[in-house]
Amino acid sequence: MRIFVAGATGATGRVLVPEAAARGHELVLHVRPQSRDKSPLGKDPRAKIFDLDDHDALTDALRGCDVCISLVGTMRNRFAAGDTYESSDIGSTRALAAAAKEAGVPRFLLLSSVGAGGAGAYLKMKGECERIVKDSDLRYTIFRPSVLVSPKGADEGHHGKRDDQPVMDIALRAMGVLPGLRGFSVDYRPIGIDVLVRTMLDVLEAKGTSRDGEIVMGRDMVKSS
Ligand SMILES: NC(=O)c1ccc[n+]([C@@H]2O[C@H](COP(=O)([O-])OP(=O)(O)OC[C@H]3O[C@@H](n4cnc5c(N)ncnc54)[C@H](OP(=O)(O)O)[C@@H]3O)[C@@H](O)[C@H]2O)c1
């Protein structure tokens, strides 16, 4: 499959890119001009370097791809540097979905978050990203993990590693023994980025349209890993 990856330079992208390549996929990796010198992907022959609001460059890069995967996102502590929920998460989802449609890419995989659409600016923003994808007319699958944990030995990258969260993990495991709370506890438990990435690629490689329109929760990722 030919896969366009937005957010390739992030903590999740650093795990997904080598795993997808090892599975034999052809990759088109989006890199922002501002990150070209910060990430090894800046010199990667598979990289396309432009800003996502460059609609023509984005449409050209997407042409011929079988799927667009978005791993794009930001955090509050980056707002001062210019990346906000509106520009990074919502704006990128809007730009990617519109260009994918124009380029004839049939399918979109969105990395969202558990609780998307709930209370608070972050979850409301994730709900809006999901709405854009659902309303896009593209075939889609949405992934809603809890807190991400980088694989052991992962390098820092310019966005840092996602550290293990043992206290949160223990508390949620304990909650999971209560009747009726097992599924909830697994959905909210910290999850390995390697587990998430394997699930995303398995969904991508599933036959036909069986995973279209699905919202994949932590319990589904853990079950299939
Ligand atoms: N980390 C968690 O615990 C967690 C949990 C649940 C869901 N999520 C969601 O999962 C996604 C990936 O998380 P992560 O921790 O891997 O993220 P990350 O390490 O912070 O990486 C973010 C990626 O998004 C790119 N990006 C940000 N703003 C952009 C923009 N305006 N245009 C184009 N690219 C842009 C970054 O590119 P540059 O390198 O150029 O900055 C980078 O590749 C995010 O949507 C996040 O909200 C994260």
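See the structure shown above.
Undergrad: Explain the sheet that holds strand 5 (residues 107-111) to me, please; I cannot follow it from the model alone.
TA: Read across the open sheet, the 7 strands follow the order 3-2-1-4-5-6-9; overall the sheet is parallel. Looking at which strands have only one partner, the edges of the open sheet turn out to be strand 3 (47-49) and strand 9 (215-217). With direction set aside, neighbouring strand axes in the sheet form an average angle of 20 degrees.

Undergrad: I'm lost on the pairing of strand 1 (residues 2-6) in this one. Help?
TA: Looking along a regular strand, one sees the side chains alternate between the two faces of the sheet. With 4 of 5 residues buried, strand 1 lies mostly within the body of the structure. Bridge count between strand 1 and strand 2 (residues 26-31): 4 bridges; the pairing is parallel. Within strand 2, the residue paired with I3 across the bridge is L27. Crossover connection from strand 1 via helix 1 (residues 13-22) to parallel strand 2: handedness right-handed. Note that strand 1 and strand 4 (residues 67-70) share 4 bridges and pair parallel. Paired with I3 across the bridge in strand 4 is V67.

Undergrad: Looking at this model, I keep getting lost on helix 4 (residues 121-134). Mind explaining?
TA: An α-helical turn contains 3.6 residues, so any two residues separated by three or four positions project in the same direction. With 14 residues, helix 4 should reach 20 Å at 1.5 Å per residue; the first-to-last C-alpha distance of 20 Å fits that figure. Taken together, the buried positions of helix 4 are occupied by M125, K126, C129, E130, I132 and V133. Mapping the buried residues of helix 4 onto a view down its axis gives an arc of 155 degrees, with all of them on the same face. Tucked into the core, helix 4 has its buried residues touching helix 3 (85-103), strand 5 and strand 6 (139-144).

Calculation criteria
- Residues numbered from 1 in each chain as written.
- Predicted model: local features only at pLDDT ≥ 70, side-chain atom pairs only at ≥ 80, totals over all residues.
- Pairing = 2+ DSSP bridges.
- Helix = DSSP H or I, 4+ residues; strand = E, 2+ residues; numbered from the N terminus.
- Axes fitted to C-alpha atoms, helices over the stretch in contact; angles between N-to-C directions.
- Buried ≥ 20, exposed ≤ 12 C-beta atoms within 10 Å, placed from the backbone.
- Right-handed = clockwise from strand over helix to strand, strands pointing away.
- Expected span 1.5 Å × (residues − 1).
- Arc of directions from axis to C-beta.
- Contact = placed C-beta atoms within 7 Å.

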